[in-house]
Amino acid sequence: MNITDSLLSGSWLWVTDVLYLCALMFALWRSPWQVIVNNRGLQHLFCGATVLLLLMWSMRAGISPGLSIHFLGVTALTLILGWDLAILSASLVLLGMTLLGKESWQGFAVNGLCLVVIPALLTYWIHRLVDKKLPKNFFIYLFICGFIGAGVVIAVSGVAVSTILWLDGVYPWSKIQHEYINYLPLIMFPEGLVNGILMTGIMVFYPDWIRTFNARLYIDEQ
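Residues numbered from 1 in each chain as written. Predicted model: local features only at pLDDT ≥ 70, side-chain atom pairs only at ≥ 80, totals over all residues. Heavy atoms only, no water.

## So, the overall build of the protein
Per the secondary structure count, the protein includes 10 helices and two strands. Each helix and strand of the protein, placed in order from N terminus to C terminus, yields the pattern α-α-α-β-β-α-α-α-α-α-α-α. Taking all 222 residues of the protein together, the buried fraction comes to 49%. (Helix = DSSP H or I, 4+ residues; strand = E, 2+ residues; numbered from the N terminus. Buried < 20%, exposed > 50% of the residue type's maximum accessible area, 1.4 Å probe, protein only.)

Right under this line is the structure:
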């Protein structure tokens, strides 16, 4: 989902502006800049992931403004880059989509909060929970963090945008439910599948690319 021009009132925009800016500043502060500067491979990975996500977000479908559907991909991005770099990468994608006219400047912070910050932090929380509570197993990590996690993330992201549109009186809940909420279960499976496939390929061939995956713990010691 995405917020376009004139959908929300000024009060909502001020709240989301502050929340998104705080999250973005914290991500900038927490990002490992020294490692990024000294590691050309990480630079290429960051740029490549950003371009791939931009292509994913360009493919969308929908009926009413703000109720469009597209692959999110932030779960895989967060597992690979970490939540801080994922927020920066997805924010660059959102900026690119805005410059291309696919998103609005007025709704930038709302979209950033619901499509970038919430998905990245929720993915990070799911990974931390799995890492702390469950055994260090390749398939547990892949299935829960990559597949199920991606489905949960896009559902929460969609519900967040839907709730904002409903509370602000943009659309009645019946319209939101008819055009978006009813389709969430259908969106969750392909989102999980896409993220799961991406993570599987990278985990098998390039496990060192994944910041949240320790091949020694999850593979070598099993």
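Right, picking up where we left off after that structure.
## Focus: the packing of aromatic side chains
Applying the stated criterion across every chain yields a total of 12 aromatic pairs. Consider the rings of Phe143 and Phe147, whose centres lie 5.6 Å apart with planes at 15 degrees: the pair is stacked. Pair noted here: Phe143 and Phe147 are both in helix 7 (residues 138-167), with a separation of four residues, about one helical turn. According to the relative accessible area criterion, Phe143 is partly exposed, its value standing at 46%. An aromatic cluster is defined as three or more aromatic residues linked by ring pairs; in this entry it consists of Phe26, Trp29, Trp83 and Tyr124. (Phe/Tyr/Trp six-rings, centres within 6.5 Å; stacked < 30°, edge-to-face > 60°.)

## Thoughts on the nonpolar core
Membership of the largest hydrophobic core comes to 62 residues, with the highest contact counts inside it found for Trp57, Leu81, Tyr141, Met199, Met203 and Ile210. Of all the elements in the fold, those that place two or more residues in this core are helix 1 (10-30), helix 3 (40-58), helix 4 (74-81), helix 5 (83-99), helix 6 (108-133), helix 7 and helix 9 (184-205). For this core, the element with the highest residue contribution is helix 6, accounting for 12 residues. (Core = buried A, V, L, I, M, F, W, Y, C linked by side-chain atoms within 4.5 Å.)

## Quick word on a nonpolar patch on the surface
Where nonpolar side chains cluster on the molecular surface, the patch consists of Leu21, Met25, Leu28 and Trp33 and spans about 380 Å² of accessible area. The element contributing the most residues to the nonpolar patch is helix 1, with three residues. With respect to the helices and strands, Met25 occurs in helix 1. A relative accessible area of 44% places Met25 in the partly exposed class. (Patch = residues over 30% accessible without salt bridge, like charges linked within 9 Å, V, L, I, M, F, W, Y side chains within 5 Å. Areas by Shrake-Rupley, 256 points an atom, 1.4 Å probe, with all protein chains shown as cover. Salt bridge = Lys/Arg side-chain N within 4 Å of Asp/Glu carboxyl O.)

Note that every value here comes from positions in space, so none of it alone points to a role or purpose.
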